[in-house]
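Per-entry structural report
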Amino acid sequence: MDKIRSTVIAIAQLSAAIALGVVAYKSSVIASDIKASRRAVLFETMPKISLEELQRRVQAMPLQPDLLHGLIAHRVKQRDARVLDESERSALQSLGWQSTVIQLDLYKDGLNRSDVNTVVTRIDGLLRRGKMTEELVNVLIEIEQVAPQTRRMLVDLLADKPNWRRDFLTAPEGFAGADAVAARASTLNMMFDQKLSIKREEVAPIVNGLEVTGKLDQAEKLWRKFHHIPRPAPRPYDPNFNQLASTPLDSQHQTMAYEWRTGSGAGYSAEARQIGSESPVLNITWDGRAAPVFIRQRLISEPGRFEVSVDGVALDPGAMRRIAFVFYCGGRPIFHDLVSRKEGRFVYSANEPVTCANPEMRLVGMPQDSSNPLEIELTSIWLQSRGASRL
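Quantities reported herein were computed from a predicted structural model and do not represent experimental measurements.

Where helix H5 (residues 100-112) meets helix H6 (residues 116-128), the axes come as close as 8 Å, and the angle between the chain directions of the two elements is 160 degrees. Judged by the inter-axis angle, H5 sits roughly antiparallel to H6. Of the two elements, H5 crosses H6, and the hand of that crossing is left-handed. Note on element contacts: H6 touches H5 through Thr-118, Val-119, Arg-122, Ile-123, Gly-125 and Leu-126, opposite Thr-100, Gln-103, Leu-104, Leu-106, Tyr-107, Gly-110 and Leu-111. Looking at the contact of H5 with H6 residue by residue, the class counts come to seven nonpolar, five polar and one charged.

Okay, the packing of helix H7 (residues 133-146) against helix H10 (residues 178-193) next. For the pair H7 and H10, the least separation of the axes is 9 Å and the interaxial angle reads 85 degrees. Our classification of the angle between H7 and H10 gives roughly perpendicular. Of the residues in H10, those touching H7 at Ile-141, Glu-144 and Gln-145 are Ala-180, Ala-183, Arg-184 and Thr-187.

Before going further, it helps to spend a moment on the pairing of strand E10 (residues 360-365). Among the six residues that make up E10, five are buried, leaving the element largely enclosed by the rest of the structure. Bridge count between strand E5 (residues 293-298) and E10: five bridges; the pairing is antiparallel. From the neighbouring strand, Arg-296 faces E10, where its bridge partner is Arg-362. When strand E7 (residues 323-329) meets E10, the two strands line up antiparallel, connected through six bridges. The residue of E10 that forms the bridge with Ile-323 is Gly-365.

With that out of the way, let us pick up the layout of surface pockets. A volume near 440 Å³ is recorded for the largest pocket. Taken together, 24 residues form the lining of the largest pocket, with Leu-244, Thr-247, Pro-248, Thr-255 and Thr-262 sitting closest to its centre. Listed by contribution, the elements that provide at least two residues to the lining of the largest pocket are helix H13 (242-246), strand E1 (261-262), strand E3 (268-273) and E5. When residues in the lining of the largest pocket are grouped by element, the largest group, four residues, is from E3. A breakdown of the residues in the lining of the largest pocket according to their chemical character gives nine nonpolar, eight polar and seven charged.

This brings us to the confidence of the model for the protein chain. Fine structural detail should not be taken from predicted coordinates in areas where pLDDT scores are low. Averaged over all residues, the pLDDT of the protein chain is 81; the fraction at 70 or higher stands at 80%. Across the protein chain, the secondary-structure element scoring lowest on mean pLDDT is helix H1 (residues 2-16), at 37, and the one scoring highest is E5, at 97. Here residues 1-40 scores under 50 on pLDDT; set against residues more than four positions off or in separate chains, the count is 91 contacts. Between residues 387-391, whose pLDDT stays under 50, and residues either more than four places distant or in other chains, the model counts 16 contacts.

Time to look at the packing of aromatic side chains. In the structure shown here, the tally under the stated rule is eight aromatic pairs. Where Tyr-268 meets Phe-294, the ring centres are 6.2 Å apart and the plane angle is 70 degrees; that geometry is what we call edge-to-face. Residue Tyr-268 is located in strand E3, and its partner Phe-294 is located in strand E5; the two are separated by 26 residues in the primary sequence. Classification of Tyr-268 by relative accessible area gives partly exposed; the value is 22%.

Across the sheet, eleven strands lie side by side as E1-E5-E10-E7-E8-E9-E6-E11-E4-E3-E2; this open sheet has antiparallel pairing. For this open sheet the edge positions go to E1 and strand E2 (264-265), each flanked by a neighbour on one side alone.

Turning our eyes to something else, we now look at the nonpolar core. One finds Ile-123, Phe-168, Val-203 and Leu-222 to be the most contacted residues of the largest nonpolar core, which totals 49 residues. Going through the elements one at a time, H5, H6, H7, helix H8 (151-159), helix H9 (165-170), H10, helix H11 (200-212) and helix H12 (216-227) are the ones with two or more residues in this core. When sequence neighbours within four positions are dropped, the list of residues in contact with Phe-168 reads Val-137, Leu-140, Ile-141, Glu-144, Leu-154, Leu-158 and Arg-184. Grouped together as the second largest cluster of nonpolar side chains are 35 residues, Phe-241, Leu-282, Trp-286 and Ile-334 included.

Rules used throughout
- Residues numbered from 1 in each chain as written.
- Predicted model: local features only at pLDDT ≥ 70, side-chain atom pairs only at ≥ 80, totals over all residues.
- Heavy atoms only, no water.
- Axes fitted to C-alpha atoms, helices over the stretch in contact; angles between N-to-C directions.
- Helix = DSSP H or I, 4+ residues; strand = E, 2+ residues; numbered from the N terminus.
- Parallel < 35°, antiparallel > 145°, perpendicular 65-115°, else oblique.
- Left-handed = near helix turned anticlockwise from the far one by under 90°.
- Contact = heavy atoms within 4.5 Å.
- Nonpolar A, V, L, I, M, F, W, Y, C, P; charged D, E, K, R; others polar.
- Buried < 20%, exposed > 50% of the residue type's maximum accessible area, 1.4 Å probe, protein only.
- Pairing = 2+ DSSP bridges.
- 1 Å grid on protein atoms, 1.4 Å probe; cavity = no way out; pocket = protein on both sides within 12 Å on 5 of 7 lines; lining within 4 Å.
- Points joined across faces, edges and corners; volume = space filled by probe spheres on them.
- pLDDT = per-residue confidence, 0-100.
- Phe/Tyr/Trp six-rings, centres within 6.5 Å; stacked < 30°, edge-to-face > 60°.
- Core = buried A, V, L, I, M, F, W, Y, C linked by side-chain atoms within 4.5 Å.

Set out below in structure tokens:
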């Protein structure tokens, strides 16, 4: 009741300051009005009504937001202002939730005052009305990137699961470039720390973007939080292909750098499958030509010497010599070839250590004089930090 009474008083005070030619809101809201500009113009398009008609309507409907907007619009126009004064702002805020255009003018007022918190609040209000989603989401993303202090506020809004949540977290502008990826990584870390649920499609582009730009520690941190993986992590992740076999085959699924990523192309393929209750297998087929990458994963490991142990279904030593594991430190490959067989497992190692942390490991086909086709089924790949004896 006190809030309504104060609103009525504010309207009466504003009415007393109005001369002839008062305008009232009946304008349409268009996307071009949404601009992250410090020169945003308040009250751009409004038809006029007479003072007598306005006074009659105010007496009949003192809390009508359209009339309130008209009263304040005239006052702002009279003084050629780019921002609202405190009384005007307070009055519009009292009823602004009822009107898209009032929300829009409060948004512009916030822009002109460089008040990013107000801007975010008003964008939230407009988005919850389903207004101009794409344009406003892009403004929010821009604010996220250039005003780090607003990220906590954004996280608090996202915690309420607003209708614009998915649009914001999956819009391409949120991970278009290194600065965008870094900003979104900060927001996602806050969301994880607040125990908010985050979907794969929302975190995968950021993990992969951080990995591509060389920010491996940050990428690993986000990936661990998504999977709830403490230290130390298994090396490699998903050594028995359980997750890979259950991965949807649709194009919407996004695999992250610290998970298995399979390759396929002309003459080769790698696919994990599971039949019934049987253990998953990774089926690799190759026509013997070129040097394909069948499967790869960014590892979580320190520099050192490694052995890769491989198990599978009826594996033939001759066939296993036609594949190798390559550890990439930047652009430098370190080949791990078949060196021994221990307890039925095939072991691959190199003559030199891996000199970097978190290398990418690739399982590749080794081109030979023969182009005989190859088909093998693997059931596990394990990484160990110790030497191996030659076969």
